[in-house]
Amino acid sequence: MSAQKPIVKNVLHAGQKYIPIADGSKAHFHFQTWKLGKEKILIDDSKKIGKKEPMVLVIGHKFKLEVWETIVKLMAVGEVASFRVKKELVYSYPFVSKTLRDLGQEQQQIKHTCTMTLHTEGIGYSDLDDLIRNPCDLEFIIELLKVERSDEYEKEVWQLDIKQRLELIPTLKEKGNKLYAEKKFTEAEDAYSQAIAICEQLMIRERKTDEEWITLNKIKLPILLNYAQVKLVQEDFYAVIEHCNTILEYDKDNEKALYRRGKAHVGAWNPDKAEEDFKHLKAVNPNVATIVDTELEVIKKLRKEKAEQDKDALKNLFLKENEGI
């Protein structure tokens with residue numbers, strides 16, 4: 001490799017007409033990474049590692065391996081090219097490689113890498129550990145599959161500014177409501193959780209006493225209430241209780257939160273706490289007395305059934321003990 005050129009390109013297959021790639025565009029590409037030295041060694045192939053999917057790079061967002069942005073911007077869609085890159089530009093490659101290799105291994109225990117473990121144990125891949133200890137020039141063979149302009153794809157939350165994130169919250173809430181009405185509970189849960197996450201990300205920037213924090217919390221709580229309803233339908237009772245606790249911390253007489261927490265307490269078999277919630281609800285709104293009384297009757301019936309089950313279980317235990325005498 002020429003000492004004067006940190007990147008040397010060699011076209012292996014010509015692509016379409018070259019069009020400059022603007023910041024904010026998404027570039028989709030497959031890659032191979034080769035270690036250069038006395039012998040050429042394949043390190044990674046995007047078709048074989050991680051999720052075995054193309055790499056997706058958002059141009060202009062300071063990706064950890066900056067040289068990839070430079071490389072992709074030199075290519076045309078459909079082109080396959082080799083780029084030989086000086087080691088000074090690829091020191092971060094082992095860490096990028098580890099992240100990509102770990103993708104798709106959520107069910108496995110993935111080792112966390114901090115400064116201490118880096119020095120003592122490495123990052124969990126012997127070839128990458130060697131590359132960290134002995135940096136060298138790398139060759140990337142890139143196949144640029146497609147490029148999407150910033151107005152051609154739905155941006156991920158991290159790409160949005162604060163104003164755009166705020167505008168996305170009601171859209172996600174409405175999406176969740178629609179999916180819930182269609183009984184697509186998992187999808188509704190995902191939409192609500194995204195909206196809640198945006199609220200919480202923005203709230204972290206403020207103090208609890210700030211008007212901005214209070215306003216965001218007021219936006220968040222109704223969505224959290226909807227999320228709790230999805231969890232109730234899915235019989236995730238402890239999650240319902242936790243989220244309703246949060247709502248009632250700021251709105252102690254919220255009728256829907258009291259009812260949903262009461263139902264969740266019944267499901268988790270906390271009858272005393274369920275009764276407290278239903279009686280509180282009845283005191284807040286006497287108009288729902290009929291509904292509350294029905295729920296209290298259900299608890300009474302369940303208590304009776306459980307007492308009989310416990311009695312039978314004790315009787316059977318007593319009989320078994322006598323049989324053993």
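The name recorded for the protein chain in an unreviewed UniProt entry is AH receptor-interacting protein, from Papilio xuthus. The UniProt entry for the protein chain carries the following text under Subcellular location (unreviewed entry): "Cytoplasm".

**Student:** What exactly am I supposed to notice about the pairing of strand S5 (residues 80–85) here?
**Tutor:** Side-chain positions along a regular strand alternate between the two faces of the sheet. Burial analysis of S5 places 5 of its 6 residues in the buried class, the great majority of the element. In this sheet, S5 lies alongside strand S1 (residues 7–13) in antiparallel orientation, the contact comprising 6 bridges. Of the residues in S5, the one forming a bridge with Lys9 is Phe83. Inspection of the sheet shows S5 paired to strand S6 (residues 138–148) by 6 bridges, in the antiparallel sense. Within the sheet, the bridge partner assigned to Val85 lies in S6 and is Leu138.

**Student:** Quick question: what am I supposed to make of the environment of Leu103 here?
**Tutor:** Within the fold, Leu103 resides in the loop between helix H2 (93–102) and helix H3 (115–120). For Leu103 and Gly50, which are 53 residues apart along the polypeptide, the C-alpha to C-alpha distance reads 4.6 Å. Leaving out residues up to four positions away in the same chain, Leu103 has contacts with Gly50 and Lys51.

**Student:** Before we go on, may I ask you to explain the packing of H2 against helix H4 (residues 126–133) in this structure?
**Tutor:** Each packed pair of helices is defined by two parameters, the angle between the axes and the distance between the axes. For the pair H2 and H4, interaxial distance at closest approach is 9 Å and the crossing angle is 165 degrees. On the basis of the axis angle, H2 is roughly antiparallel to H4. Our pair here, H2 against H4, has a crossing hand that is left-handed. Contacts between H2 and H4 involve Tyr93, Pro94, Phe95, Ser97, Lys98 and Arg101 on the former and, on the latter, Asp127, Leu128, Leu131 and Ile132. Broken down by class, the residue content of the contact of H2 with H4 amounts to 6 nonpolar, 1 polar and 3 charged.

**Student:** Explain unusual backbone geometry here, please?
**Tutor:** Negative phi values dominate among residues other than glycine, just as trans dominates among peptide bonds. Look at Lys183: it is not a glycine, yet its phi comes out positive at around 65 degrees. Positive phi, normally seen in glycine, also occurs at Trp269, with a value near 55 degrees. Examined against the element boundaries, Trp269 turns out to sit in the loop between helix H9 (255–267) and helix H10 (271–284). Of the residues examined, Trp269 reaches a relative accessible area of 29% and is grouped as partly exposed.

**Student:** Just checking my understanding: could you explain the confidence of the model for the protein chain for this structure?
**Tutor:** As a general rule, the predicted coordinates of low-pLDDT regions are not to be interpreted in detail. With 86% of its residues at a pLDDT of 70 or more, the protein chain has an overall mean of 88. In this model, residues 107–118 is a region of pLDDT below 50 whose contacts with residues beyond four sequence positions or in other chains number 14 contacts.

**Student:** How should the packing of aromatic side chains be read in this particular structure?
**Tutor:** Going through the model one piece at a time under the given rule, you end up with 10 aromatic pairs. Through a chain of ring-to-ring contacts, the aromatic side chains of Phe29, Phe31, Phe63, Trp68, Tyr93 and Phe140 assemble into a single cluster. In this arrangement the basic side chain of Lys40 is found over the ring face of Trp34, its NZ or CZ atom lying 5.0 Å from the centre. One Lys or Arg, Arg101, reaches over the ring of Tyr125 and ends 4.9 Å from the middle of that ring.

**Student:** How do you make sense of the side chain of Glu69 when you look at a structure like this?
**Tutor:** Structurally, Glu69 is set in helix H1 (residues 66–72). Although Glu69 is buried, it makes no salt bridge; Lys73 carries the closest opposite charge, 5.2 Å away. Those residues within four positions of Glu69 in sequence are excluded, and the remaining contacts are Leu57, Val58, Ile59, Gly60, His61, Lys62 and Phe63.

**Student:** How should the pattern of salt bridges be read in this particular structure?
**Tutor:** Pairing is possible between side chains that carry opposite charge, provided their charged atoms lie close to one another. Enumeration according to the criterion identifies 20 salt bridges in this entry. The closest approach of N and O atoms between Arg101 and Asp44, which form a salt bridge, is 2.9 Å. Of the two residues, Arg101 sits in helix H2 while Asp44 sits in strand S3 (residues 41–45), which places them 57 residues apart along the sequence. Under the relative-accessibility criterion, Arg101 is labelled buried at 9%. It is possible to trace a salt-bridge network through shared partners that takes in Asp44, Arg101 and Asp127.

Cut-offs and rules
- Residues numbered from 1 in each chain as written.
- Predicted model: local features only at pLDDT ≥ 70, side-chain atom pairs only at ≥ 80, totals over all residues.
- Heavy atoms only, no water.
- UniProt positions renumbered as here; feature names shortened; annotations may be inferred.
- Buried < 20%, exposed > 50% of the residue type's maximum accessible area, 1.4 Å probe, protein only.
- Helix = DSSP H or I, 4+ residues; strand = E, 2+ residues; numbered from the N terminus.
- Pairing = 2+ DSSP bridges.
- Contact = heavy atoms within 4.5 Å.
- Axes fitted to C-alpha atoms, helices over the stretch in contact; angles between N-to-C directions.
- Parallel < 35°, antiparallel > 145°, perpendicular 65-115°, else oblique.
- Left-handed = near helix turned anticlockwise from the far one by under 90°.
- Nonpolar A, V, L, I, M, F, W, Y, C, P; charged D, E, K, R; others polar.
- pLDDT = per-residue confidence, 0-100.
- Phe/Tyr/Trp six-rings, centres within 6.5 Å; stacked < 30°, edge-to-face > 60°.
- Lys NZ or Arg CZ within 6 Å of the ring centre and 35° of its normal.
- Lys, Arg positive; Asp, Glu negative; His and termini not counted.
- Salt bridge = Lys/Arg side-chain N within 4 Å of Asp/Glu carboxyl O.

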